[in-house]
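# Working through the structure, step by step
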Amino acid sequence: MKIWHEMRRFPLAVRLLLANQLGVNTGFYLLIPYLATHLSQNLGMSAVVVGIVLGVRNLSQQGLFLIGGSASDRLGARGVIIAGCALRTAGFALFALGDGLTVLLAASVLSGLAGALFNPAVRAYLAQEAGERKAEAFALFNVFATTGALIGPLLGSALLLVDFRTSALTAAGIFAVLTVAQAVVLPARKVEPSEGGVLADWREVLGNRAFLAFALAMVGMFTLQNQLYLLLPDGARRATGWDGAAGLVFLVGTVTNLTLQLRLTHALKGRGSRARWISIGLVVMALSFLPPALVAGGSGAPDGTADAVLRTLPVLLGALLLYLGVMIAQPFVLELIPGFGRTGLTGTYYGIFYVVSGIAAAAGNAAVGWAMDAGERGAAWLPWACCALFGLASACGVAWLHRRNALPTTPKPALTVTA
């Protein structure tokens, strides 16, 4: 009830964007986790071709966040959000209707470009509409995003009992509804003309050394957050010998988010600087990888249900701590980003920040994957230790920037705009 009460305190535009994020993550996770299986098993494609299709989607999204951010600043976030949802509708519909490589690549490009458009635009719009309550808005944003990430796979696994085409068309339908809802309800805002060109905007943001240092310092957060989909599910499966154990990781996260996210953000917002809580959140994320390391070297299948439960508890404790760390740090990270520059470049700042995070997630996953392979040869603790070091290094980076007064002390108020 507290979530709905808090949500009603925001303007209609913010409430719609929160519901939009629930739908975005539900539709995305309804389809994408099962795409590789569809391509390989249903369509008989080789692992190389499957990798190309998935890689094109990821590259289209991560590589073009900057375009989406700049478009948000110059054309208005509302139109960019609507265009992104419409493109995602078309991309997911193509996955349902096409079996040829050309059509599948087009679907990957469209769905990736869609994410590159609406992800920075949604955050820029939310930051501007929330005003002084950015932290609470992004806390709610995190709650709805995490809930969608749980609902999506559950709905997708049920729809796959029919076939993949039904799942893809359902995902496309969700994005079609979101497109119409935003076109009808989301208020249009006047965009102040920006002096200079897009390249001048990029140079201005890239020339902001404090912002770039902060983005690089946050590499650990995105690397560790990505382990919710790689290392922790793998640890849960190994501990129990049950493939479905990975779902317990997401269940822990959703329940924790729903019950604690708003309480945490409210409690921490007025106590100390944003940088302090970001650093503490990163330390909690780093420490979350220590409990699973205790059972990482377990040999063989568990000896009965009791043994499986005992092996699973440290992994779930690690997942709980990781989610708590994200809940502490992430709202304040997203709140600080607009404070690095002028309001007219909010979208560009978010776009560049997410380009850095995408590169970080890819490089971090590669490093963790290497450590997982090396761990198979007698050092099962290695990937968990690597993740802990990533988090501690990021925490030290943020603390160092804070000591140098390189971070915004208070979030800048949003610019008042007229319809």
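Criteria and cut-off values
- Residues numbered from 1 in each chain as written.
- Predicted model: local features only at pLDDT ≥ 70, side-chain atom pairs only at ≥ 80, totals over all residues.
- Heavy atoms only, no water.
- Helix = DSSP H or I, 4+ residues; strand = E, 2+ residues; numbered from the N terminus.
- Rg over C-alpha atoms; globule rule 2.2 N^0.38 Å.
- Buried < 20%, exposed > 50% of the residue type's maximum accessible area, 1.4 Å probe, protein only.
- Areas by Shrake-Rupley, 256 points an atom, 1.4 Å probe, with all protein chains shown as cover.
- Contact = heavy atoms within 4.5 Å.
- Phe/Tyr/Trp six-rings, centres within 6.5 Å; stacked < 30°, edge-to-face > 60°.
- Core = buried A, V, L, I, M, F, W, Y, C linked by side-chain atoms within 4.5 Å.
- pLDDT = per-residue confidence, 0-100.
- Axes fitted to C-alpha atoms, helices over the stretch in contact; angles between N-to-C directions.
- Parallel < 35°, antiparallel > 145°, perpendicular 65-115°, else oblique.
- Left-handed = near helix turned anticlockwise from the far one by under 90°.
- Nonpolar A, V, L, I, M, F, W, Y, C, P; charged D, E, K, R; others polar.

### A word on the overall build of the chain
For the chain, the helix and strand inventory stands at 19 helices and 0 strands. Taking 2.2 N^0.38 as the reference for a compact globule, 419 residues should give roughly 22 Å; the C-alpha atoms of the chain span a radius of gyration of 21 Å, in line with that estimate. In terms of overall dimensions, the chain has C-alpha extents of about 65 × 55 × 40 Å along its principal axes. Counting over 419 residues, the chain shows a buried share of 53%. Accessible surface, the chain: about 17500 Å² in total, of which carbon and sulfur atoms supply 66%.

### Here we look at the environment of Gly-347
Checked against the element boundaries, Gly-347 lands in helix 18 (residues 346-375). In sequence terms Gly-347 and Leu-97 are 250 residues apart; their C-alpha atoms lie 34 Å from each other. Other than its neighbours up to four places away in sequence, Gly-347 contacts Gly-69, Ser-72, Asp-73, Pro-120 and Ala-124.

### Some remarks on helix 5 (residues 65-75)
For helix 5, the tally of buried residues reaches 8 of 11 residues, placing the bulk of the element in the interior. Its buried side turned inward, helix 5 meets helix 4 (47-62), helix 6 (77-97), helix 7 (101-130), helix 10 (198-206) and helix 18.

### Examining the packing of aromatic side chains
Tallied over the full model, the rule gives 15 aromatic pairs. With a centroid separation of 6.3 Å and 45° between ring planes, the pair formed by Phe-92 and Phe-95 is classed as tilted. You can see Phe-92 and its partner Phe-95 sitting in helix 6, 3 residues apart, about one turn around the helix. Classification of Phe-92 as buried rests on a relative accessible area of 0%. With a centroid separation of 5.6 Å and an interplanar angle of 90°, the aromatic rings of Phe-92 and Phe-175 are classed as edge-to-face.

### Here we look at the nonpolar core
Membership of the largest hydrophobic core comes to 117 residues, with the highest contact counts inside it found for Ile-81, Phe-92, Phe-214, Met-218, Ile-278 and Phe-353. Setting aside its immediate chain neighbours within four residues, Ile-278 contacts Phe-214, Met-218, Ala-329, Phe-332, Val-333, Leu-336 and Val-398.

### Regarding the confidence of the model for the chain
When the pLDDT values of the chain are averaged, the result is 86; 95% of them are 70 or greater. The lowest-confidence element of the chain is helix 1 (residues 2-8), averaging 78 in pLDDT; the highest-confidence one is helix 15 (residues 274-287), averaging 95. In this model residues 412-419 is a low-confidence stretch, pLDDT under 50, and it forms 19 contacts with partners more than four residues away in sequence or in other chains.

### Considerations on the environment of Leu-320
The topology assignment puts Leu-320 in helix 17 (residues 304-336). Residue class for Leu-320 comes out partly exposed when judged on its relative accessible area of 30%. As a C-alpha pair, Leu-320 and Thr-254 span 66 residues in sequence and 9.9 Å in three-dimensional space. Setting aside residues up to four positions removed in sequence, Leu-320 forms contacts with Val-252 and Thr-256.

### Notes on the packing of helix 7 against helix 8 (residues 134-159)
At a closest axis distance of 8 Å, the pairing of helix 7 and helix 8 adopts a crossing angle of 140°. Here helix 8 runs oblique to helix 7, going by the angle between their axes. Crossing angle aside, the handedness with which helix 7 passes helix 8 is right-handed. Every residue of helix 8 that contacts helix 7 at Val-122, Arg-123, Leu-126, Ala-127 and Ala-130 is listed here: Lys-134, Ala-137, Phe-138 and Phe-141. Classifying every residue of the contact of helix 7 with helix 8 gives 7 nonpolar, no polar and 2 charged.

### Re the side chain of Ser-288
Summarising the element assignment, Ser-288 is placed in the loop between helix 15 and helix 16 (290-295). When its relative accessible area of 1% is taken as the criterion, Ser-288 is described as buried. Once residues lying within four places of it in the same chain are set aside, the contact partners of Ser-288 are Gly-318, Leu-321 and Leu-322.

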